[in-house]
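What follows is each chain in one-letter form.
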Amino acid sequence: MTEQRIGIEVSRAIAIATKLANVDVVSAYPITPQTHIVEDIAELVANGELDAAYIPVESEHSAMSACLGAAAVGARTFTATAGQGLELMHEVLYIASSMRLPVVMAVANRALSAPLSIWGDHSDVMATRDTGWIQIFAANGQETFDNVLCAFRIAEDQRVLLPVMVHLDGFHLTHMIEPIYIPEPSQVDKFLPQNQYPLPLDPNKPITMGAFAPPDIYTEVKKAQQVNLTAAKEAILQCWKEFGDCFGRYYSPVESYRGEKAKVLLLVMGSFSETAMSAIDILRGEGKEVGLIKLRLWRPFPFDEIRRAVRGAEVLIILDRALSFGGPGGPVCSEIRSALYNEDKRPKVIGFVGGLGGRDISPGGFKEIINRGIEISQTGSEREFEMFGVRE
Amino acid sequence: MVNTAGLIEIRWHGRGGQGAVTSAELVAQAAINEGRYAQAFPAFGAERRGAPVVAFVRIRTDEPIRVRAEVAEPDVVVVLDPGLLRIVDVTSGLKANGMVVINTKKQPEQIRQEFSLNWSLATVDATKIARELLGVPIVNTSMIGALLRATGVVKLESLFQPLKQRFGRLAERNISAMKRAHEETLIRSKGN
């Protein structure tokens, strides 16, 4: 019983993951900026290879609404979207998490209009930061595939019962053909138990979901949601450990690359972190004590792991692929800066925003970012952040 | 021949509908089936039939490929449509010891002179092969044959499975086109 290594587009591999997970319901709105994910799932269902209900709807808002209903009756539920589509889902995203509905969604991360852009960045994700979903960023095709499988297990875990987004960079991951290990169905069956939603909608046992909450209860509900999402980290860590035990690939909320004893650390999320590794190698070759941190788990935010990972560093350079207009820079940078603020000893945090709307950052570009970050840290510049690679 | 030990970067230039993106994917799948690391992707954009398109392949034997940026300094450039030589800078960033593989009915010497191409050259009349064997001027599989002849980046046999999977009942004809282009490709090293 071994995994098969195939060359496949990452989007298509996600469709295979949903088939291996035996999803029951997929609802999606298949139009630009969609990907092959739902196109392939529609084909799998039409060909009889996947016994699922595929519900094409008239908008992304309806896609997520249909997913709510499906998850509420206890169906294993999946959808995918990207960019503008994620924005159109926005208000329904909160309902999925607040009602504890374990929907799994792959998000092809894309820029937002205007000007019209179908290219990748993290603007769409960051607008959903506070929707209460578990959010995982994948750096390559294998991580994406593996984490879609993990997402079902995490979402449906009785301790969690929360929706999960698996983020993959638009184009840089969604359209990339690369080698991916695909497990046997029996291996996945062993790893991923049946969905046992504890209180499904059932005409024979009526319950109320998403009821009205006056001021005397709303705060308590939100506190419970906060406690629940924060506590979900334990289940996520356990899932990743058991996934590793099953498949030999282990994941963690924060991953370090040549970060030991590094005076300067660069932190990146998503697929650009792999490109950044090459820059670290080049700079290490030049004798610079630099390392890389990949942030994989965005929500719940891994405070302890981040603090541990940057301990000992003098400078922490953070690249955001989204911009908080008129604010303190990129959302990742401002969160990490805030997470470190009360530490007795903390690195200087230097923020960059770049890679917007599909703009590539090459290994040479990351080298420039690191060198510029070191320069800023030495001059004590008071800037909140800089935008990288802007033609002026 | 290109050195196949380290990282090999190939850039494909075609027009929407000619199959440049498919070519890139098939070559990457062949390399992956050989147990190597490879990636293929299009120059990201909104594709339109007839418009110039670009696709990329990276192949590496010793370790996984981490870079996902577009290929800026290719080892090999494959040109599916000779008309592109006049409107696209196809050799942009091409390494000095690189190779240009062109679909043209002209001889390599003629193309070299006409476009001042100071790299190793490989030419094949892929349009003629595709018309004769496939009945349509879709040259992608023929140009894979030319690429393999010119560079040996993957084995010809390694393409059979990806082509069968992609083209189904049309696979045999595409394999024939690939093989014939492989035979008919003319190669001139740099300076010749």
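Residues numbered from 1 in each chain as written. Chains lettered and ligands numbered in written order. Predicted model: local features only at pLDDT ≥ 70, side-chain atom pairs only at ≥ 80, totals over all residues. Heavy atoms only, no water.

**Examining the overall build of chain B**
Heads up, the rule is: Helix and strand assignments come from DSSP, with helices taken as H or I runs of at least 4 residues and strands as E runs of at least 2, each series counted from the N terminus. Restricting the calculation to C-alpha atoms gives the radius of gyration, and the globule rule supplies 2.2 Å times the number of residues raised to the power 0.38. The rule is simple: take the accessible area with a 1.4 Å probe, protein chains only, and divide by the maximum for that residue type; under 20% is buried, over 50% is exposed, in between is partly exposed.
When helices and strands are tallied, chain B shows seven helices and seven strands. Counting helices and strands in the order they occur from the N terminus, chain B gives β-α-β-β-β-α-β-α-β-α-α-α-α-β. Since a compact globule built from 192 residues should have a radius of gyration of about 16 Å, the 15 Å found for chain B is in line with a globular shape. Along the longest, intermediate and shortest principal axes, the C-alpha atoms of chain B span 40 × 35 × 35 Å. Evaluated residue by residue, chain B yields a buried proportion of 56% over its 192 residues.

**Here we look at the overall build of chain A**
Let me state the cut-off plainly: The Shrake-Rupley method, run with a 1.4 Å probe, gives the accessible areas here. Residue values count only the displayed protein chains as cover. Positive charges are assigned to Lys and Arg, negative charges to Asp and Glu, while His and the chain termini are left out of the count. Here the site of a charge means atom NZ of a Lys, CZ of an Arg, CG of an Asp or CD of a Glu.
A count of helices and strands for chain A gives 13 helices and 15 strands. Relative to the globule expectation of 21 Å for 392 residues, the C-alpha radius of gyration of chain A, 21 Å, shows essentially globular dimensions. Seen through its principal axes, chain A has C-alpha atoms that stretch 70 × 55 × 45 Å. Only carbon and sulfur atoms are counted for the fraction: they give 53% of the accessible area of chain A, which is about 16200 Å². Mean positive and mean negative side-chain charge positions of chain A (37 and 49 charges, respectively) differ by 7 Å.

**Brief notes about the sheet that holds strand β11 (residues 290-295) of chain A**
Residues and elements named next belong to chain A. Worth spelling out the cut-off: Only strands joined by at least two bridges in the DSSP assignment are considered to pair. To obtain an axis, a line is fitted to C-alpha atoms, over the contacting stretch when the element is a helix, and the angle between two such axes runs from 0 to 180 degrees between their N-to-C directions. Residues count as neighbours in contact if any of their non-hydrogen atoms are within 4.5 Å of one another.
Judged by pairing direction, the sheet is mixed, and its six strands sit side by side in the order β9-β11-β10-β13-β14-β15 without closing on themselves. Looking at strand neighbours, the two that pair on one side only are β9 (254-257) and β15 (385-387), the edges of this open sheet. If you compare each strand with its neighbour and ignore which way they point, the axes differ by 25° on average. Taken strand by strand, helix α10 (residues 272-285) contacts β9, β10 (264-268) and β11, and its axis lies near 170° from that of β11.

**Remarks on the confidence of the model for chain B**
Rules: As a per-residue measure, pLDDT tells how confident the predictor is, with possible values from 0 to 100.
Considering every residue of chain B, the mean pLDDT works out to 93; 96% of them sit at 70 or more. Predicted complex, confidence summary: ipTM 0.93, pTM 0.96.

**Thoughts on the pairing of strand β6 (residues 120-124) of chain B**
Residues and elements named next belong to chain B. Put simply, the test is: Clockwise travel from the first strand over the helix to the second, with the strands pointing away from the viewer, marks a crossover as right-handed.
Counting buried residues along β6, five of its five residues qualify, which places the element largely inside the surrounding structure. On β6, burial covers both faces: S120, A122 and V124 on one face and L121 and T123 on the other are all buried. This β-α-β element, strand β5 (residues 99-103) to helix α3 (residues 108-115) to β6, shows right-handed connectivity.

**Looking at unusual backbone geometry**
Residue and element names in this part refer to chain A. Cis rather than trans, the peptide bond between S113 and A114 has omega equal to -10°. Within the secondary structure, A114 is located in the loop between β5 (103-109) and α6 (123-126). Residue R299 is joined to P300 through a cis peptide bond whose omega torsion reads -5°. Looking at the secondary structure, you find P300 in the loop between β12 (297-299) and α11 (303-310). A positive phi angle, near 45°, is found at L161, a position not held by glycine. Note that L161 resides in the loop between α7 (141-156) and β7 (164-169). Even without being glycine, K261 reaches a positive phi, approximately 60°. Within the secondary structure, K261 is located in the loop between β9 and β10. Take K261: its relative accessible area is 77%, and that puts it in the exposed class.

**Structural notes on the interface of chain A and chain B**
Rule in force here: As used here, buried area is the combined drop in accessible area, with a 1.4 Å probe, of two parts when they are placed together. Here, a salt bridge means any Lys or Arg side-chain nitrogen found within 4 Å of an Asp or Glu carboxyl oxygen. In protein, a polar contact means a hydrogen-donor-capable atom and an acceptor-capable atom, both N or O and within 3.5 Å, with residues adjacent in sequence counting only if both atoms are side-chain atoms; elsewhere, any N or O pair within 3.5 Å suffices. Residues were grouped as follows: Ala, Val, Leu, Ile, Met, Phe, Trp, Tyr, Cys and Pro as nonpolar; Asp, Glu, Lys and Arg as charged; and all remaining residues, including Gly, as polar.
Taken together, the 27 residues of chain A in the interface contact 21 residues of chain B. Interface area for chain A against chain B, summed over the two sides, is near 1900 Å², with a carbon-plus-sulfur share of 56%. If you sort the residues of chain A by the area they bury against chain B, R5, M176 and I177 of chain A come out on top, with a joint share of 31%. In this structure, E178 of chain A and R68 of chain B form a salt bridge, with 2.9 Å as the shortest nitrogen-oxygen distance. Our count for the contact surface shared by chain A and chain B stands at 10 residue pairs in polar contact (both at pLDDT 80 or more). Secondary-structure elements contributing two or more residues to the side of chain A that touches chain B are β1 (4-9), β8 (177-182) and α10 of chain A. Top element by residues in the side of chain A that touches chain B is α10 of chain A. It accounts for five residues. For the side of chain A that touches chain B, a count of residues per class yields 13 nonpolar, nine polar and five charged.

**With respect to the side chain of E274 of chain A**
With respect to the helices and strands, E274 of chain A occurs in helix α10. Overall, the relative accessible area of 7% leaves E274 of chain A in the buried class. With sequence-adjacent residues up to four places away left out, E274 of chain A is seen in contact with A139, N140 and K294 of chain A together with I65, R66 and R68 of chain B.

**Overview of the environment of D81 of chain B**
Residue and element names in this part refer to chain B. Among the structural elements, D81 can be located in the loop between β4 (76-79) and α2 (84-87). Each C-alpha atom of the pair D81 and G14 lies 5.7 Å from the other, and the pair is 67 residues apart in sequence. Dropping the residues within four chain positions of it, D81 is found in contact with H13, R15 and Q18. At 2.7 Å, the side chain of D81 and the side chain of R15 are in polar contact. At a separation of 2.8 Å, a polar atom in the side chain of D81 contacts the main-chain amide nitrogen of G83.

**Re the sheet that holds strand β3 (residues 53-56) of chain A**
All names here are of chain A. Taking strand neighbours across the sheet as the criterion, the seven strands line up as β3-β2-β4-β5-β7-β6-β12 in an open arrangement whose pairing is mixed. Unpaired on one side and paired on the other, β3 and β12 mark the two borders of the sheet. Put simply, the sheet's adjacent strands are angled 20° from each other on average, direction ignored. Sheet topology note: the strand β6 (residues 134-137)/β7 ladder contains four bridges and is parallel. When the sheet's bridge partners are listed, F137 is paired in β7 with H167. The strands touched by helix α3 (residues 60-72) within the sheet are β2 (25-28), β4 (77-82) and β5, with β4 carrying the most contacts at an inclination of about 165°.

**Side note on the pattern of salt bridges**
Under the criterion given, the structure shown has 37 salt bridges over all chains. Among the ionic pairs, E255 of chain A bridges to K294 of chain A, the shortest N-O distance being 3.9 Å. Here the residue E255 of chain A occupies a position in strand β9, and K294 of chain A occupies one in strand β11, the gap between them amounting to 39 residues. The exposure class assigned to K294 of chain A is buried, which follows from its relative accessible area of 8%. In this structure, E9 of chain B engages R58 of chain B in a salt bridge whose closest nitrogen and oxygen atoms are separated by 2.6 Å. Of this pair, E9 of chain B sits in strand β1 (residues 8-15) while R58 of chain B sits in strand β3 (residues 52-60), placing them 49 residues apart in sequence. Judged on exposure class, the residue E9 of chain B and its partner R58 of chain B are both buried. One connected set of salt bridges, linked through shared partners, spans R129, D130, R299 and E335 of chain A.

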